[in-house]
Amino acid sequence: MTKGKPFPIIIRFCIPILLGSLFQQAYNMVDALIVRRFVGLDEMGAVLSTGSLHFMIIGGIIGLTTGFSIPISRSFGAGDHVEMRKLAANAFYLCGFFSVILTALTLVFIRQLLVFMQTPAETIEAAYSYIIVLFGSIPVIMAYNILVALLRSLGDSKTPLYFLTVSCFLNIILDLLFIAVFKWGTAGAAWATVISTFVAVVLCFIHIRKNFPALYFGKGEFKFCRKRSAVLLRNGVPMALQFSITAVGSVIIQRAVNSFGAIAVSAIGTAARLQIFVMQPMEALGLTMATYCAQNLGAGKLHRIKKGIRLSMITVLIYSVVTGLLIIFAGRYLAFLIIGLGAGSAEESAGIAEAMGYIKQFQIVNGSFHWLLGILFIVRNSVQGLGYSKVTMLAGVSELFARAAVAFMLVPFFGFNAICFANPMAWLAADILLIIVFLTLMRKFSRINRHDLKGKIS
């Protein structure tokens, strides 16, 4: 990513990440749809209600492994393959350690977290059956994300897409088998996801062994090193905390949503899942900028960093405005296709009508401020790629405080209206901090010539 015109390179790298993310979200949505069709509306709400809790852990894993990939990308961009392999080896050791810790903690405290979130009594057992299986598979999820992060750090964003496509179709088949045939309920949806992810891990590992000689470890290169582990942790932990802290705010908001009952849970879960689909291009472009900035920083090419960020920002602003309008004017029709699936009794039809009212209100508010989210993805990941991961963690703290303020201070007075403004307030709080830091960094780097910049990186 250090040669050629920046924008075509960024787009070519971004598209496979985007398609992979869409596939991943697609089979998450399939879980909910199949549960809705063959089990019921409340059970679908149970699956969707665990989304914020799931992201608190899985988002932390994604942040950790993405952060680990930043120094690996820098070494690759600088042409130092020996250092790159040593960093990769220590990333594997650290991922193993965190897998054990996270699995143990989540399995012990998961029920207490569901109770804290005020999960409705009619859905808590279904939610527990779903999330306990996913959290028991944290080592598999960690393995998948570190292998994908490693491939992307070396400039290969296409292969993870191919394997994720296979995983997606396998997940759909297993969903139908476990839920429709075996009648395993929400646990069946979780097992389908775990098995599909494990297949993707095996495929990634085989591909790396066969096609990346730069990752063939030489004698003494696979040793644990405290110094290199510290470098990885300085990049990975703040980014993991940034994801997890952001998710804690979402858990707090989910607790407030749960207090409105199972119908509101299903409504917000559906609306939020659709919003996640729409934001995937912005997230993919942001992840691309993290690798792009890291590799060009390693090569000492500051002018490419500036140009790439400028072009990406223009692109994401245009996209976010267009999709924000689509969410406002068309989002509720898409939501109805999901939540209205298989409606039967008059009571269920009345519940769907109530849910659609919640969805419409939520989508109008969030769609109006979608551009704030676009800015957040580009600036946050660019700052991360430039090596200032602690700042992104502080941005996550800003989001947490904003969501907590809504849940504890505004919801008691304004009810559901306040919940609709939780995301925009969180995006704004993070944007203010990140933009100030980003502009400061650009001025700082402008005073450093190319030779000095490479010296600082080394």
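For every chain, the first residue of its written sequence is number 1, and the numbers climb from 1 along that sequence. Per-residue local features of the predicted model are confined to residues with pLDDT of at least 70, and side-chain atom pairs are confined, for both listing and counting, to 80 or more; whole-chain, interface and lining totals are unaffected and use all residues. For side-chain calculations, the full set of non-hydrogen atoms in the structure is used, while hydrogens and water are omitted.

Moving on: the overall build of the protein chain. Runs of H or I in DSSP of at least four residues are treated as helices and runs of E of at least two as strands, each being numbered from the N terminus. The number of helices and strands found in the protein chain is 17 helices and 0 strands. Each radius of gyration reported is based on C-alpha atoms, and the globular scaling rule is 2.2 Å times the count of residues to the power 0.38. Taken over C-alpha atoms, the radius of gyration comes to 22 Å for the protein chain, in line with the 23 Å a tight globule of 458 residues would show. With respect to the three principal axes, the spread of C-alpha positions in the protein chain is 70 × 45 × 35 Å. For the exposure calls, accessible area comes from a 1.4 Å probe over protein chains only, and a residue counts as buried if that area is under 20% of its type's maximum, exposed if over 50%, partly exposed in between. Counting only residues that meet the buried cut, the protein chain has 57% of its 458 residues in that class. Of the contacts made within the protein chain by residues no fewer than 6 positions apart, 85% connect residues no fewer than 24 positions apart. Carbon and sulfur atoms provide 70% of the accessible area of the protein chain, an area that totals close to 18700 Å². Only heavy atoms matter for contacts: two residues are in contact if any of them lie within 4.5 Å across the pair. Calculation of accessible area relied on Shrake-Rupley with a 1.4 Å probe; when residues are assessed, cover is drawn exclusively from the protein chains displayed.

Note on aromatic pairs: the rings of Phe, Tyr and Trp (six-membered ring only in Trp) are paired at centre separations within 6.5 Å, and the planes decide the class, stacked below 30 degrees, edge-to-face beyond 60, tilted for the rest. Counted under the stated rule, the structure contains 11 aromatic pairs. Measuring from ring centre to ring centre gives 4.8 Å for Phe217 and Phe222, while their planes differ by 85°; the resulting arrangement is edge-to-face. A positively charged side chain is recorded as over a ring if its NZ (Lys) or CZ (Arg) lies within 6 Å of the ring centre. The angle to the ring normal must also be within 35 degrees. In this structure, Arg111 is placed above the aromatic ring of Tyr128, and the distance from its NZ or CZ to the ring centre is 4.0 Å. One Lys or Arg, Arg255, reaches over the ring of Phe116 and ends 4.9 Å from the middle of that ring.

This part covers the pattern of salt bridges. Salt bridges are counted wherever a side-chain nitrogen of Lys or Arg sits within 4 Å of a carboxyl oxygen of Asp or Glu. Tallying each qualifying case throughout the model produces 5 salt bridges. Of the charged contacts, one joins Glu125 and Arg111 as a salt bridge, the two residues approaching to 3.1 Å between their closest N and O atoms. On the criterion of sequence distance, the pair formed by Glu125 in helix H5 (residues 124–136) and Arg111 in helix H4 (residues 81–116) is long-range, its members being 14 residues apart. Given the relative accessible area of 32%, Arg111 is considered partly exposed. With a shortest N-O distance of 3.3 Å, Glu399 and Arg403 are connected by a salt bridge. With Glu399 and Arg403 both in helix H14 (residues 389–414) and 4 residues apart, the pair spans about one turn of that helix.

Counting residues in hydrophobic clusters, the biggest one holds 58 residues, and the most contacted among them are Leu53, Ile57, Ile61, Phe68, Ile72, Phe135 and Leu215. Sort the elements by how many residues they give to this core and helix H6 (residues 138–153) lands first, with 10 residues. With near-sequence residues (within four places) excluded, Phe135 lies in contact with Leu53, His54, Ile57, Thr103, Thr106, Leu107 and Ile110. The definition of a nonpolar core used throughout is a set of buried Ala, Val, Leu, Ile, Met, Phe, Trp, Tyr and Cys residues joined through side-chain atoms within 4.5 Å. Grouped together as the second largest cluster of nonpolar side chains are 40 residues, Leu18, Met279, Val391 and Leu441 included.

A cavity here means a set of 1 Å grid points, computed over protein atoms only, where a 1.4 Å probe fits but cannot escape. A pocket is an open set with protein on both sides within 12 Å along at least 5 of 7 lines, and lining residues have an atom within 4 Å of a point. Grid points are joined across faces, edges and corners, and a volume is the space filled by probe spheres set on the points. Its volume calculated, the second largest pocket comes out at about 210 Å³. For the second largest pocket, the full set of lining residues is Met56, Ile57, Gly60, Ile61, Leu64, Phe98, Leu102, Val237, Ala240, Leu241, Ser244 and Val248. Listing elements by their share of the lining of the second largest pocket, those giving two or more residues are helix H3 (51–77), H4 and helix H9 (226–258).

Before going further, it helps to spend a moment on the side chain of Asp431. Relative to the helices and strands, Asp431 is located in helix H16 (residues 422–446). We treat Lys and Arg as the positive residues and Asp and Glu as the negative residues; His and chain ends play no part in the count. The side chain of Asp431 is buried and forms no salt bridge, while Arg380, the nearest opposite charge, is found at 8.0 Å. If we ignore the near neighbours within four places in the chain, the residues touching Asp431 are Leu372, Ile375 and Leu376.

Quick look at the environment of Phe438 now. Residue placement: Phe438 occurs in helix H16. Expressed as a C-alpha distance, the spacing of Phe438 and Tyr388, which sit 50 residues apart in the sequence, is 9.6 Å. Beyond its immediate chain neighbours, meaning those up to four positions away, Phe438 contacts Ile309, Val379 and Val383.

Between its terminal C-alpha atoms helix H10 (residues 262–298) stretches 50 Å, which fits the 54 Å expected from 37 residues at 1.5 Å a residue. Note on bend: the value at a residue is the angle between axes fitted to the seven residues ending there and to the seven starting there. The largest bend in H10 is about 45°, located at Met279, with the proline Pro281 one to four residues further on. With 30 of 37 residues buried, H10 lies mostly within the body of the structure. Positive phi shows up at Gly300, right after H10, with a value of about 75°. Expected helix span is taken as 1.5 Å per residue step, with the number of steps being one fewer than the number of residues.

Angles here are taken between N-to-C directions and fall from 0 to 180 degrees, while the axes themselves are lines fitted to C-alpha atoms, restricted in helices to the stretch in contact. Between H3 and H10, whose axes approach to 7 Å, the crossing angle comes to 35°. Of the two possible hands of crossing, H3 and H10 adopt the one that is right-handed. When H3 is examined against H10, the residues Thr66, Ile70, Ser73, Arg74, Phe76 and Gly77 are found in contact with a partner set consisting of Leu287, Ala290, Thr291, Ala294, Gln295, Leu297 and Gly298. Taken together, the residues of the contact of H3 with H10 sort by class into 6 nonpolar, 6 polar and 1 charged. Handedness of a crossing is defined here by the sense of rotation of the near helix relative to the far one, left-handed for an anticlockwise turn of less than a right angle and right-handed for a clockwise turn. By the convention adopted, Pro, Cys, Tyr, Trp, Phe, Met, Ile, Leu, Val and Ala count as nonpolar, Lys, Arg, Asp and Glu as charged, and the other residues, Gly among them, as polar.

This part is about empty space enclosed by the protein. What the rule picks out here adds up to 2 cavities of 30 Å³ or more. By volume, the second largest cavity is sized at about 50 Å³. Around the second largest cavity, the lining residues are Met239, Gln242, Phe243, Glu283, Leu287, Phe377, Arg380 and Asn381. Elements with a contribution of two residues or more to the lining of the second largest cavity: H9, H10 and helix H13 (370–385). The class makeup of the residues in the lining of the second largest cavity is 4 nonpolar, 2 polar and 2 charged.

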